[in-house]
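Examination of the molecular architecture
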Amino acid sequence: MNPYILTTLLFGLGLGTAITFASSHWLLAWMGLEMNTLAIIPLMAQHHHPRAVEATTKYFLTQATAAAMLLFASATNAWLTGQWDIQQMTHPLPITLITLALALKIGLAPVHSWLPEVLQGLDFTTGLILSTWQKLAPFALLLQIQPANSIILIALGLTSTLIGGWGGLNQTQLRKILAYSSIAHLGWMILVLQFSPSLTLLALLTYFVMTLSTFLVFKLSKSTSINMLATSWAKAPAITALTPLILLSLGGLPPLTGFMPKWLILQELTKQDLAPTATIAAMSALLSLYFYLRLSYAMTLTMSPNSLAGTAPWRLQPSQLVLPLAVGTTTTLLLLPLTPAAVALLSL
(Lines give C-alpha, C1' and ligand atoms only; values in the text may rest on other atoms or scores of the structure.)
Protein backbone atom coordinates (compact mmCIF):
# COMPACT_ATOMS: atom_id res chain seq x y z
CA MET A 1 0.00 0.00 0.00
CA ASN A 2 1.16 3.53 -0.81
CA PRO A 3 2.74 5.02 2.37
CA TYR A 4 0.77 8.29 1.98
CA ILE A 5 -2.53 6.40 1.79
CA LEU A 6 -1.49 4.23 4.75
CA THR A 7 -0.60 7.33 6.80
CA THR A 8 -3.96 8.93 5.94
CA LEU A 9 -5.88 5.81 6.96
CA LEU A 10 -3.98 5.42 10.25
CA PHE A 11 -4.55 9.12 10.96
CA GLY A 12 -8.27 8.57 10.28
CA LEU A 13 -8.28 5.64 12.72
CA GLY A 14 -6.64 7.75 15.42
CA LEU A 15 -8.88 10.75 14.76
CA GLY A 16 -12.08 8.69 14.85
CA THR A 17 -11.14 7.23 18.24
CA ALA A 18 -10.08 10.64 19.58
CA ILE A 19 -13.40 12.22 18.48
CA THR A 20 -15.38 9.49 20.27
CA PHE A 21 -13.20 9.91 23.38
CA ALA A 22 -13.72 13.67 23.44
CA SER A 23 -17.43 13.77 22.58
CA SER A 24 -20.26 14.42 25.00
CA HIS A 25 -22.94 14.45 22.26
CA TRP A 26 -24.23 11.22 20.74
CA LEU A 27 -23.99 12.44 17.13
CA LEU A 28 -20.32 13.31 17.55
CA ALA A 29 -19.62 9.93 19.18
CA TRP A 30 -21.41 8.19 16.31
CA MET A 31 -19.36 10.19 13.79
CA GLY A 32 -16.12 9.09 15.49
CA LEU A 33 -17.18 5.42 15.34
CA GLU A 34 -18.06 5.76 11.65
CA MET A 35 -14.66 7.35 10.88
CA ASN A 36 -13.04 4.42 12.67
CA THR A 37 -14.95 1.89 10.57
CA LEU A 38 -14.33 3.66 7.26
CA ALA A 39 -10.60 4.06 7.96
CA ILE A 40 -9.97 0.37 8.68
CA ILE A 41 -11.95 -1.00 5.70
CA PRO A 42 -9.26 -0.22 3.05
CA LEU A 43 -6.62 -1.71 5.40
CA MET A 44 -8.66 -4.91 5.61
CA ALA A 45 -9.19 -5.17 1.85
CA GLN A 46 -5.63 -4.21 0.82
CA HIS A 47 -4.72 -7.83 -0.05
CA HIS A 48 -7.00 -8.45 -3.02
CA HIS A 49 -7.92 -11.92 -1.92
CA PRO A 50 -11.50 -13.26 -1.93
CA ARG A 51 -11.25 -14.11 1.79
CA ALA A 52 -10.07 -10.60 2.68
CA VAL A 53 -12.86 -9.02 0.62
CA GLU A 54 -15.43 -11.32 2.26
CA ALA A 55 -14.10 -10.43 5.74
CA THR A 56 -14.24 -6.72 4.90
CA THR A 57 -17.84 -7.00 3.66
CA LYS A 58 -18.93 -8.87 6.80
CA TYR A 59 -17.19 -6.32 9.00
CA PHE A 60 -18.77 -3.39 7.16
CA LEU A 61 -22.29 -4.84 7.42
CA THR A 62 -22.03 -5.61 11.16
CA GLN A 63 -20.50 -2.21 11.99
CA ALA A 64 -23.13 -0.41 9.87
CA THR A 65 -25.89 -2.32 11.71
CA ALA A 66 -24.40 -1.43 15.10
CA ALA A 67 -23.98 2.24 14.08
CA ALA A 68 -27.61 2.39 12.87
CA MET A 69 -28.78 0.88 16.19
CA LEU A 70 -26.69 3.44 18.09
CA LEU A 71 -28.12 6.33 16.08
CA PHE A 72 -31.67 5.02 16.51
CA ALA A 73 -31.18 4.58 20.28
CA SER A 74 -29.67 8.05 20.76
CA ALA A 75 -32.52 9.62 18.72
CA THR A 76 -35.03 7.65 20.84
CA ASN A 77 -33.30 8.98 23.97
CA ALA A 78 -33.56 12.55 22.65
CA TRP A 79 -37.26 11.99 21.87
CA LEU A 80 -38.03 10.52 25.32
CA THR A 81 -35.90 12.78 27.53
CA GLY A 82 -34.94 15.79 25.36
CA GLN A 83 -31.23 15.00 25.93
CA TRP A 84 -28.44 14.28 23.41
CA ASP A 85 -25.81 14.23 26.15
CA ILE A 86 -23.97 10.92 26.67
CA GLN A 87 -23.84 11.43 30.44
CA GLN A 88 -27.60 12.12 30.69
CA MET A 89 -28.90 8.66 29.82
CA THR A 90 -31.83 8.02 32.14
CA HIS A 91 -34.45 6.02 30.21
CA PRO A 92 -33.89 2.20 30.27
CA LEU A 93 -34.94 1.58 26.63
CA PRO A 94 -32.22 3.65 24.87
CA ILE A 95 -29.61 2.50 27.46
CA THR A 96 -30.37 -1.15 26.66
CA LEU A 97 -30.32 -0.53 22.88
CA ILE A 98 -27.02 1.34 23.06
CA THR A 99 -25.45 -1.37 25.26
CA LEU A 100 -26.46 -4.01 22.68
CA ALA A 101 -25.24 -1.87 19.76
CA LEU A 102 -21.82 -1.41 21.41
CA ALA A 103 -21.74 -5.14 22.25
CA LEU A 104 -22.22 -5.85 18.52
CA LYS A 105 -19.46 -3.35 17.67
CA ILE A 106 -16.85 -5.02 19.89
CA GLY A 107 -18.04 -8.61 19.32
CA LEU A 108 -19.53 -9.69 22.65
CA ALA A 109 -21.52 -12.92 22.72
CA PRO A 110 -24.27 -13.62 21.69
CA VAL A 111 -23.65 -11.06 18.87
CA HIS A 112 -20.09 -12.31 18.34
CA SER A 113 -20.34 -14.60 15.32
CA TRP A 114 -18.88 -12.05 12.88
CA LEU A 115 -15.57 -11.69 14.79
CA PRO A 116 -13.92 -15.12 14.17
CA GLU A 117 -14.97 -15.05 10.50
CA VAL A 118 -13.65 -11.52 9.94
CA LEU A 119 -10.37 -12.08 11.80
CA GLN A 120 -9.73 -15.29 9.82
CA GLY A 121 -9.76 -13.29 6.56
CA LEU A 122 -7.18 -10.70 7.66
CA ASP A 123 -3.42 -10.64 7.97
CA PHE A 124 -1.92 -10.46 11.48
CA THR A 125 -1.20 -6.71 11.42
CA THR A 126 -4.74 -5.66 10.51
CA GLY A 127 -6.10 -8.37 12.82
CA LEU A 128 -4.08 -6.83 15.66
CA ILE A 129 -5.60 -3.38 14.98
CA LEU A 130 -9.08 -4.93 14.88
CA SER A 131 -8.52 -6.82 18.15
CA THR A 132 -7.06 -3.89 20.08
CA TRP A 133 -7.48 -0.34 18.76
CA GLN A 134 -11.01 -0.86 17.42
CA LYS A 135 -12.23 -1.79 20.93
CA LEU A 136 -11.19 1.55 22.47
CA ALA A 137 -13.96 3.87 21.21
CA PRO A 138 -16.93 1.55 22.05
CA PHE A 139 -15.41 0.89 25.49
CA ALA A 140 -15.09 4.63 26.10
CA LEU A 141 -18.84 4.97 25.46
CA LEU A 142 -19.72 1.96 27.63
CA LEU A 143 -17.66 3.43 30.47
CA GLN A 144 -19.45 6.78 30.08
CA ILE A 145 -23.03 5.55 30.03
CA GLN A 146 -22.43 3.15 32.95
CA PRO A 147 -25.52 1.04 32.17
CA ALA A 148 -27.60 0.73 35.34
CA ASN A 149 -29.25 -2.44 34.05
CA SER A 150 -26.82 -4.88 35.65
CA ILE A 151 -28.60 -8.04 34.48
CA ILE A 152 -27.86 -7.30 30.81
CA LEU A 153 -24.16 -6.65 31.44
CA ILE A 154 -23.71 -9.73 33.61
CA ALA A 155 -25.58 -11.87 31.05
CA LEU A 156 -23.42 -10.50 28.19
CA GLY A 157 -20.24 -11.01 30.24
CA LEU A 158 -20.99 -14.59 31.31
CA THR A 159 -22.18 -15.59 27.82
CA SER A 160 -18.98 -14.14 26.33
CA THR A 161 -16.64 -15.92 28.76
CA LEU A 162 -18.41 -19.25 28.16
CA ILE A 163 -18.71 -18.94 24.37
CA GLY A 164 -15.13 -17.60 24.12
CA GLY A 165 -13.99 -20.75 25.94
CA TRP A 166 -16.21 -23.30 24.15
CA GLY A 167 -15.76 -21.78 20.69
CA GLY A 168 -11.98 -21.99 20.69
CA LEU A 169 -11.80 -25.65 21.69
CA ASN A 170 -12.27 -27.24 18.26
CA GLN A 171 -10.45 -24.60 16.19
CA THR A 172 -7.24 -25.27 14.28
CA GLN A 173 -6.78 -21.79 12.77
CA LEU A 174 -4.77 -19.44 14.99
CA ARG A 175 -6.70 -16.29 14.04
CA LYS A 176 -10.03 -17.90 14.97
CA ILE A 177 -8.55 -19.05 18.29
CA LEU A 178 -7.38 -15.47 18.94
CA ALA A 179 -10.88 -14.19 18.08
CA TYR A 180 -12.49 -16.50 20.65
CA SER A 181 -9.80 -15.51 23.14
CA SER A 182 -10.76 -11.87 22.51
CA ILE A 183 -14.47 -12.65 23.12
CA ALA A 184 -13.65 -14.37 26.44
CA HIS A 185 -11.46 -11.48 27.65
CA LEU A 186 -14.11 -8.91 26.70
CA GLY A 187 -16.60 -10.93 28.74
CA TRP A 188 -14.41 -10.55 31.84
CA MET A 189 -14.21 -6.79 31.30
CA ILE A 190 -17.98 -6.40 30.85
CA LEU A 191 -18.70 -8.45 34.01
CA VAL A 192 -16.99 -5.89 36.24
CA LEU A 193 -17.80 -2.73 34.23
CA GLN A 194 -20.61 -1.43 36.47
CA PHE A 195 -18.86 -2.23 39.76
CA SER A 196 -15.34 -0.96 39.05
CA PRO A 197 -14.72 0.93 35.77
CA SER A 198 -11.02 1.33 36.67
CA LEU A 199 -10.71 -2.47 36.86
CA THR A 200 -12.28 -2.77 33.39
CA LEU A 201 -9.66 -0.32 32.11
CA LEU A 202 -6.86 -2.33 33.74
CA ALA A 203 -8.19 -5.57 32.19
CA LEU A 204 -8.44 -3.86 28.78
CA LEU A 205 -4.84 -2.58 28.93
CA THR A 206 -3.39 -5.93 30.02
CA TYR A 207 -5.43 -7.65 27.28
CA PHE A 208 -3.95 -5.22 24.72
CA VAL A 209 -0.37 -5.98 25.82
CA MET A 210 -0.88 -9.77 25.82
CA THR A 211 -2.67 -9.75 22.45
CA LEU A 212 0.07 -7.56 20.93
CA SER A 213 2.72 -10.11 21.98
CA THR A 214 0.71 -13.08 20.70
CA PHE A 215 -0.04 -11.55 17.29
CA LEU A 216 3.59 -10.46 16.83
CA VAL A 217 4.89 -13.95 17.70
CA PHE A 218 2.60 -15.60 15.15
CA LYS A 219 3.50 -12.95 12.58
CA LEU A 220 7.22 -13.55 13.18
CA SER A 221 6.87 -17.31 12.76
CA LYS A 222 4.43 -16.88 9.82
CA SER A 223 2.09 -19.48 11.36
CA THR A 224 -1.60 -19.47 10.54
CA SER A 225 -2.67 -22.88 11.90
CA ILE A 226 -1.75 -25.13 14.83
CA ASN A 227 0.17 -27.53 12.55
CA MET A 228 2.40 -24.72 11.29
CA LEU A 229 3.46 -23.87 14.85
CA ALA A 230 5.65 -27.00 14.95
CA THR A 231 8.15 -25.40 12.55
CA SER A 232 8.58 -22.19 14.57
CA TRP A 233 11.53 -23.43 16.65
CA ALA A 234 13.63 -23.47 13.49
CA LYS A 235 12.78 -19.81 12.77
CA ALA A 236 13.17 -18.26 16.23
CA PRO A 237 14.28 -20.67 18.98
CA ALA A 238 14.37 -18.06 21.77
CA ILE A 239 10.89 -16.65 21.17
CA THR A 240 9.52 -20.19 20.72
CA ALA A 241 10.72 -20.98 24.25
CA LEU A 242 8.95 -17.86 25.62
CA THR A 243 5.70 -18.25 23.66
CA PRO A 244 4.10 -20.84 26.02
CA LEU A 245 4.54 -18.31 28.83
CA ILE A 246 2.82 -15.61 26.72
CA LEU A 247 -0.07 -17.99 26.00
CA LEU A 248 -0.38 -19.02 29.65
CA SER A 249 -0.41 -15.34 30.58
CA LEU A 250 -3.38 -14.93 28.20
CA GLY A 251 -4.96 -17.87 30.02
CA GLY A 252 -4.51 -16.04 33.32
CA LEU A 253 -2.06 -18.27 35.19
CA PRO A 254 0.04 -16.87 38.04
CA PRO A 255 2.75 -15.57 38.32
CA LEU A 256 2.22 -13.96 34.88
CA THR A 257 0.62 -10.60 34.02
CA GLY A 258 -2.65 -12.14 32.80
CA PHE A 259 -3.45 -13.36 36.32
CA MET A 260 -3.72 -9.77 37.62
CA PRO A 261 -7.05 -8.68 36.01
CA LYS A 262 -8.73 -12.08 36.55
CA TRP A 263 -7.74 -12.12 40.22
CA LEU A 264 -8.96 -8.56 40.85
CA ILE A 265 -12.21 -9.10 38.89
CA LEU A 266 -13.04 -12.29 40.84
CA GLN A 267 -12.30 -10.42 44.07
CA GLU A 268 -14.59 -7.52 43.06
CA LEU A 269 -17.43 -9.86 42.01
CA THR A 270 -17.19 -11.68 45.35
CA LYS A 271 -17.35 -8.35 47.18
CA GLN A 272 -20.57 -7.54 45.30
CA ASP A 273 -22.19 -10.80 46.53
CA LEU A 274 -21.92 -12.37 43.08
CA ALA A 275 -20.03 -15.52 44.10
CA PRO A 276 -21.97 -17.78 41.62
CA THR A 277 -21.10 -15.40 38.76
CA ALA A 278 -17.44 -15.36 39.83
CA THR A 279 -17.44 -19.19 40.01
CA ILE A 280 -18.87 -19.57 36.48
CA ALA A 281 -16.36 -17.01 35.12
CA ALA A 282 -13.45 -18.82 36.82
CA MET A 283 -14.62 -22.20 35.45
CA SER A 284 -14.96 -20.74 31.94
CA ALA A 285 -11.33 -19.57 32.16
CA LEU A 286 -10.36 -23.26 32.30
CA LEU A 287 -11.90 -23.76 28.85
CA SER A 288 -9.74 -20.99 27.43
CA LEU A 289 -6.70 -22.36 29.27
CA TYR A 290 -7.17 -25.70 27.49
CA PHE A 291 -6.70 -24.26 24.01
CA TYR A 292 -3.77 -22.08 25.12
CA LEU A 293 -2.11 -25.26 26.47
CA ARG A 294 -2.89 -26.95 23.15
CA LEU A 295 -1.08 -24.16 21.29
CA SER A 296 1.85 -24.34 23.73
CA TYR A 297 2.11 -28.10 23.23
CA ALA A 298 2.00 -27.77 19.43
CA MET A 299 4.68 -25.09 19.47
CA THR A 300 7.25 -26.49 21.89
CA LEU A 301 6.68 -30.22 22.34
CA THR A 302 5.99 -31.35 18.78
CA MET A 303 8.48 -31.44 15.95
CA SER A 304 7.68 -31.25 12.24
CA PRO A 305 9.31 -33.56 9.69
CA ASN A 306 12.61 -31.80 9.06
CA SER A 307 14.84 -31.37 6.06
CA LEU A 308 18.10 -29.42 6.04
CA ALA A 309 16.37 -26.44 4.40
CA GLY A 310 13.66 -26.42 7.07
CA THR A 311 16.08 -26.08 9.99
CA ALA A 312 18.09 -23.18 8.59
CA PRO A 313 15.75 -20.13 8.84
CA TRP A 314 17.03 -19.07 12.27
CA ARG A 315 20.29 -17.99 10.59
CA LEU A 316 18.45 -15.26 8.65
CA GLN A 317 17.76 -11.79 10.01
CA PRO A 318 14.10 -11.33 11.07
CA SER A 319 12.19 -9.21 8.56
CA GLN A 320 10.00 -7.42 11.13
CA LEU A 321 10.80 -5.06 13.99
CA VAL A 322 11.57 -7.09 17.10
CA LEU A 323 11.55 -4.21 19.61
CA PRO A 324 7.71 -4.08 19.98
CA LEU A 325 7.74 -7.87 20.44
CA ALA A 326 10.48 -7.66 23.09
CA VAL A 327 8.65 -4.91 25.03
CA GLY A 328 5.27 -6.67 24.69
CA THR A 329 6.70 -10.03 25.83
CA THR A 330 8.42 -8.49 28.86
CA THR A 331 5.25 -6.71 30.01
CA THR A 332 3.12 -9.81 29.30
CA LEU A 333 5.29 -11.92 31.59
CA LEU A 334 6.50 -9.66 34.37
CA LEU A 335 3.87 -7.08 35.43
CA LEU A 336 2.18 -9.09 38.20
CA PRO A 337 4.38 -7.67 41.04
CA LEU A 338 3.27 -4.17 39.99
CA THR A 339 -0.41 -4.94 40.69
CA PRO A 340 -0.73 -2.54 43.68
CA ALA A 341 0.84 0.31 41.65
CA ALA A 342 -1.46 -0.38 38.67
CA VAL A 343 -4.57 -0.45 40.88
CA ALA A 344 -3.52 2.78 42.65
CA LEU A 345 -2.84 4.56 39.34
CA LEU A 346 -6.16 3.55 37.78
CA SER A 347 -8.27 4.39 40.84
CA LEU A 348 -6.95 7.98 41.03
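In this text the structure is predicted, and so the values were computed from the model without any measurement. (Residues numbered from 1 in each chain as written. Predicted model: local features only at pLDDT ≥ 70, side-chain atom pairs only at ≥ 80, totals over all residues. Heavy atoms only, no water.)

1. Quick notes on the layout of surface pockets
- Quantified by volume, the second largest pocket comes out at close to 190 Å³.
- What lines the second largest pocket is simply Leu220, Ala236, Pro237, Ala238, Ile239, Leu242, Val322, Leu325, Ala326, Thr329 and Thr330.
- Only helix H12 (237–251) and helix H15 (323–334) provide two or more residues apiece to the lining of the second largest pocket.
- When the residues that make up the lining of the second largest pocket are grouped by side-chain class, the tally is nine nonpolar, two polar and no charged. (1 Å grid on protein atoms, 1.4 Å probe; cavity = no way out; pocket = protein on both sides within 12 Å on 5 of 7 lines; lining within 4 Å. Points joined across faces, edges and corners; volume = space filled by probe spheres on them. Helix = DSSP H or I, 4+ residues; strand = E, 2+ residues; numbered from the N terminus. Nonpolar A, V, L, I, M, F, W, Y, C, P; charged D, E, K, R; others polar.)

2. So, the environment of Leu345
- Note on placement: Leu345 falls in helix H16 (residues 339–346).
- Residues Leu345 and Leu201, spaced 144 residues apart in sequence, show a C-alpha to C-alpha distance of 11 Å.

3. Quick word on the packing of aromatic side chains
- Using the criterion set out here, one finds six aromatic pairs in the structure.
- On the basis of an interplanar angle of 45 degrees and a centroid distance of 6.3 Å, the ring pair of Phe124 and Phe218 is categorised as tilted. Of the two residues, Phe124 sits in helix H6 (residues 124–131) while Phe218 sits in helix H10 (residues 197–221), which places them 94 residues apart along the sequence.
- The class of Phe124 is buried, set by a relative accessible area of 10%. (Phe/Tyr/Trp six-rings, centres within 6.5 Å; stacked < 30°, edge-to-face > 60°. Buried < 20%, exposed > 50% of the residue type's maximum accessible area, 1.4 Å probe, protein only.)

4. Concerning H6
- With seven of eight residues buried, H6 lies mostly within the body of the structure.
- Within the sequence span of H6, burial applies to Phe124, Thr126, Gly127, Leu128, Ile129, Leu130 and Ser131.

5. Some remarks on the packing of helix H8 (residues 150–169) against helix H14 (residues 275–300)
- It is at 8 Å that the axes of H8 and H14 come closest, and there the two elements cross at 25 degrees. Judged by the angle between their axes, H8 and H14 are roughly parallel. Of the two possible hands of crossing, H8 and H14 adopt the one that is left-handed. Contact residues: H8 offers Ile154, Leu158, Thr161, Leu162, Gly164, Gly165, Trp166, Gly168 and Leu169, while H14 offers Thr277, Ile280, Ala281, Ser284, Leu287, Ser288, Tyr290, Phe291 and Arg294. (Axes fitted to C-alpha atoms, helices over the stretch in contact; angles between N-to-C directions. Parallel < 35°, antiparallel > 145°, perpendicular 65-115°, else oblique. Left-handed = near helix turned anticlockwise from the far one by under 90°. Contact = heavy atoms within 4.5 Å.)

6. Section: the domain arrangement of the protein chain
- Assigned domains within the protein chain: domain 1 (1–122) and domain 2 (149–305 + 321–347).
- Here the C-alpha centre of domain 2 lies 24 Å away from the C-alpha centre of domain 1.
- Interface area, domain 1 with domain 2, both sides summed: about 1,500 Å², of which 74% is carbon and sulfur.
- For Lys176, the salt bridge goes to Glu117, with nearest N and O atoms at 3.5 Å.
- The tally of links between domain 1 and domain 2 comes to three residue pairs in polar contact (both at pLDDT 80 or more). (Domains from an automatic or database assignment. Buried area = accessible area lost by both parts, 1.4 Å probe. Salt bridge = Lys/Arg side-chain N within 4 Å of Asp/Glu carboxyl O. Polar contact = N/O pair within 3.5 Å; in protein donor to acceptor, adjacent residues only side chain to side chain.)

7. Thoughts on the side chain of Thr132
- As for its position among the elements, Thr132 is in the loop between H6 and helix H7 (133–145).
- Among residues more than four places away in sequence, those in contact with Thr132 are Phe208 and Thr211.

8. Considering the pattern of salt bridges
- Under the criterion given, the structure shown has three salt bridges.
- A salt bridge links Lys58 to Glu117, with the shortest nitrogen-to-oxygen separation between them at 3.8 Å. Of this pair, Lys58 sits in helix H3 (residues 50–81) while Glu117 sits in helix H5 (residues 114–120), and the two are 59 residues apart along the sequence.
- Residue classification places Glu117 among the partly exposed positions, given a relative accessible area of 36%.

9. A look at the UniProt feature "transmembrane region" (unreviewed entry) in the protein chain
- Here the UniProt feature "transmembrane region" (unreviewed entry) sits at residues 60–80, 92–115, 151–170, 177–195, 201–221, 233–254, 274–293 and 321–346.
- Helix makes up 95% of residues 274–293 and strand 0%, with an end-to-end C-alpha separation of 29 Å. (UniProt positions renumbered as here; feature names shortened; annotations may be inferred.)

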